[in-house]
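# Per-entry structural report
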There are 2 protein chains.
Amino acid sequence: MSELLGAIEAGGTKFVCAAARRTGEILAQTRIATGAPAETVAAVLEFFEGVTAEHGAVAAFGVASFGPLDLRAGSPTFGRILGTPKQGWAGTDLVAPFERRFGAPVAIDTDVNAAALAETLHGAARGCATAVYVTVGTGIGGGAVVDGRTLRGAPHPEMGHIRVARHERDTAFPGVCPFHGDCLEGLASGPAIVARYGAPLDALPADHEAIAVIGHYLGQLAANVLLIVAPERVVLGGGVMASEPLLRETRAAAARLLDGYAGHGATAASLERTIVAPGLSERSGIVGALALAERALEGARR
Amino acid sequence: MSELLGAIEAGGTKFVCAAARRTGEILAQTRIATGAPAETVAAVLEFFEGVTAEHGAVAAFGVASFGPLDLRAGSPTFGRILGTPKQGWAGTDLVAPFERRFGAPVAIDTDVNAAALAETLHGAARGCATAVYVTVGTGIGGGAVVDGRTLRGAPHPEMGHIRVARHERDTAFPGVCPFHGDCLEGLASGPAIVARYGAPLDALPADHEAIAVIGHYLGQLAANVLLIVAPERVVLGGGVMASEPLLRETRAAAARLLDGYAGHGATAASLERTIVAPGLSERSGIVGALALAERALEGARR
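Residues numbered from 1 in each chain as written. Chains lettered and ligands numbered in written order. Predicted model: local features only at pLDDT ≥ 70, side-chain atom pairs only at ≥ 80, totals over all residues. Heavy atoms only, no water.

## Observations concerning the relation of the copies chain A and chain B
Rules: For this overlay, a least-squares fit was computed on C-alpha atoms, restricted to residues scoring pLDDT of at least 70 in both copies. Any two residues whose heavy atoms approach within 4.5 Å at even a single point are treated as in contact.
Note on the identical chains: chain A maps onto chain B by a rotation of 180° and an axial translation of 0.0 Å, with an RMSD of 0.0 Å. The operation mapping one copy onto its partner corresponds to a two-fold rotation axis. Closest approach to the rotation axis among the C-alpha atoms of chain A is made by A165 of chain A, whose C-alpha sits 2.0 Å away. Interface residue correspondence from chain A to chain B reaches 100%, placing this contact among same-surface, isologous pairings.

Dropping the structure here:
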């Protein structure tokens, strides 16, 4: 029988856990509300103990987590959440508890790197060696796959916090990012939209200027990512991006920034294939965590 | 005796060619003024025929070229220069002539990707798995090494053309980029400095506001690159960056954009180790081309 993989998508509001065969067959799945770190991790361990009792040993785990994370190989705090505004979670180890309890290899990455990996394997960037995944929701975060591997440096991308040029009809709003004020996340995240316009995008009239303003900012991210990383696809997910007019406006803004440029020749038409909605919708995190578990298993055998 | 490698740094004003042993010993070197494509390539071939006659067969070639380049494996125009404003050069093949004449493998990459590779192997980013190299001169270009390999997607980074937020004392200048007007290259390249202030940076008074304005733009590039690619180092080279005050101001601007941010904790002090001058100065291109030749040789043996 095909080996058993454990997948954990660690989020600020919930932990999604799944156990699946390498063939992809899901055997068990659960959602655990994110509470204090010790209790939450204990509940995840308990879920996988039940899985083990029923289906046998888990051969490897994959963890796709909110960040920032220490992903530096050999670091004494590898696998831990770094400084985060989320109360009590800084320093939480998301690797050692699973290694210790189950004696299985554990791969960890950011939720958005895992989502980028999932989209290249099974989603809207399938077949692409290099792709970027961005989520636009309560926050803005991005991950990337380069030559088939997630992008991990010092320590991993945090592309939600790039600086953007202001839209001419949005010069006064100070932004909501607690770190940077009017960085991209401060200007274009869900809370920034509510703070500025009094309602989320899908509750505003179809001709509201919010689409032009927010698309202008997200188009800058898409253009910058295309110019800096040169991915074959930029996948834009998250609750805010569920708006089809916003996706169109983001493409149009990116095309205006890139248009006529020789190296990319990006036009609104070509960007329809390059800047795309996710193929896995909200499943990209857990699918990515499963892919990480598979890689942990392969890595352990090398 | 150690094998012979051929290196070609193809630039808009000159082609630098070198022949070296794998041990690093340089046997011959020349500079050829960049003329029409056919004549220039013929002169390069002639140089390496002389090398072959004197020292024996060249085992592999590395080409580090100005772009944009077609670097897509399997593309029918692989190894050619794509649309470029440089008269007559679009479509020029920088791979096949060397393969045909010398029957040796040829690796090609952008000049800035090659420089990034050289800096990680022998320069200011030595030991870094992931690093970005940016040159600021007549134009602005960037390359990257991720996990030891140059970043090549669709088709390769063009980070000089990112959009930046205007400095408050530089709102009227339209920028000089023929494609985008006031993109980074349009605002912060050597020609942009001369167009705005009437002189290059090193001819302006030490307290001139140009340092603050240009540093503000380059700091945005450095911060965006740190947030999007998460490299261990950002190496800033090129004629404009030779100004030590500009490098300091670029770091300070990046620190202002990143400061207090949990995932990076970047401060002006920590950025002194992260945002750095090149270790190889203007030799990074030819050293990178030699490294490409070495990789071509290794690739051919796999």
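## Brief notes about the sheet that holds strand β9 (residues 233-237) of chain B
All names here are of chain B. So the rule is basically this: DSSP calls a pair of strands paired once it identifies at least 2 bridges connecting them. Put simply, DSSP marks the helices as runs of H or I at least four residues long and the strands as runs of E at least two long, and each gets a number from the N terminus on. Axis angles are defined between N-to-C directions and span 0 to 180 degrees, where every axis is a line fitted to C-alpha atoms and, for a helix, only to the segment in contact.
Here we have five strands laid out as an open sheet, ordered β8-β7-β6-β9-β10, and mixed in their pairing. Each edge of the open sheet carries a strand with a single partner, namely β8 (149-150) and β10 (275-276). Taken together, the six bridges between strand β6 (residues 131-136) and strand β7 (residues 140-146) define a ladder with antiparallel strand orientation. Bridge pairing links T135 to G141 in β7. Lying on the sheet, helix α3 (residues 111-122) is in contact with β6, β7, β8 and β9; it crosses β7 at an angle near 50°.

## Let's talk about the interface of chain A and chain B
Test applied: The term buried area denotes the loss of accessible surface (1.4 Å probe radius) that occurs when two parts are joined, taken as the sum for both partners. Here, a salt bridge means any Lys or Arg side-chain nitrogen found within 4 Å of an Asp or Glu carboxyl oxygen. Polar contact criterion, stated in full: a pair of N or O atoms within 3.5 Å, where within protein one must be able to donate a hydrogen and the other to accept it, and residues adjacent in sequence count only if both atoms are side-chain atoms.
With 39 residues of chain A at the interface, the matching set in chain B holds 39 residues. Of the roughly 3,600 Å² buried at the junction of chain A and chain B (both faces included), carbon and sulfur atoms supply 62%. Counting across the chain A and chain B interface gives two salt bridges. Here R149 of chain B and D147 of chain A are joined by a salt bridge, their closest N and O atoms 3.6 Å apart. Linking chain A with chain B are 10 residue pairs in polar contact (both at pLDDT 80 or more).

## Section: unusual backbone geometry
All names here are of chain A. A cis geometry characterises the amide bond from G67 onward to P68, with omega recorded as -5°. Summarising the element assignment, P68 is placed in the loop between β4 (60-65) and α2 (96-102). In this model, D147 sits at a positive phi of 50°, which is unusual for a non-glycine residue. Its place among the elements puts D147 in the loop between β7 (140-146) and β8 (149-150).

## Concerning the pattern of salt bridges
All names here are of chain A. Rules: Per-residue accessibility, obtained with a 1.4 Å probe over protein chains only, is compared with the maximum for each type, and a residue is labelled buried under 20%, exposed over 50%, and partly exposed between these values.
By the definition in use, this model includes 31 salt bridges over all chains. Taking the shortest distance from any N to any O, the salt bridge between E294 and R22 comes out at 3.2 Å. Remark: R22 occurs in the loop between β2 (14-21) and β3 (26-33) and E294 occurs in helix α9 (residues 284-301); sequence separation between them is 272 residues. Looking at E294, the relative accessible area reads 25%, which means it is partly exposed.

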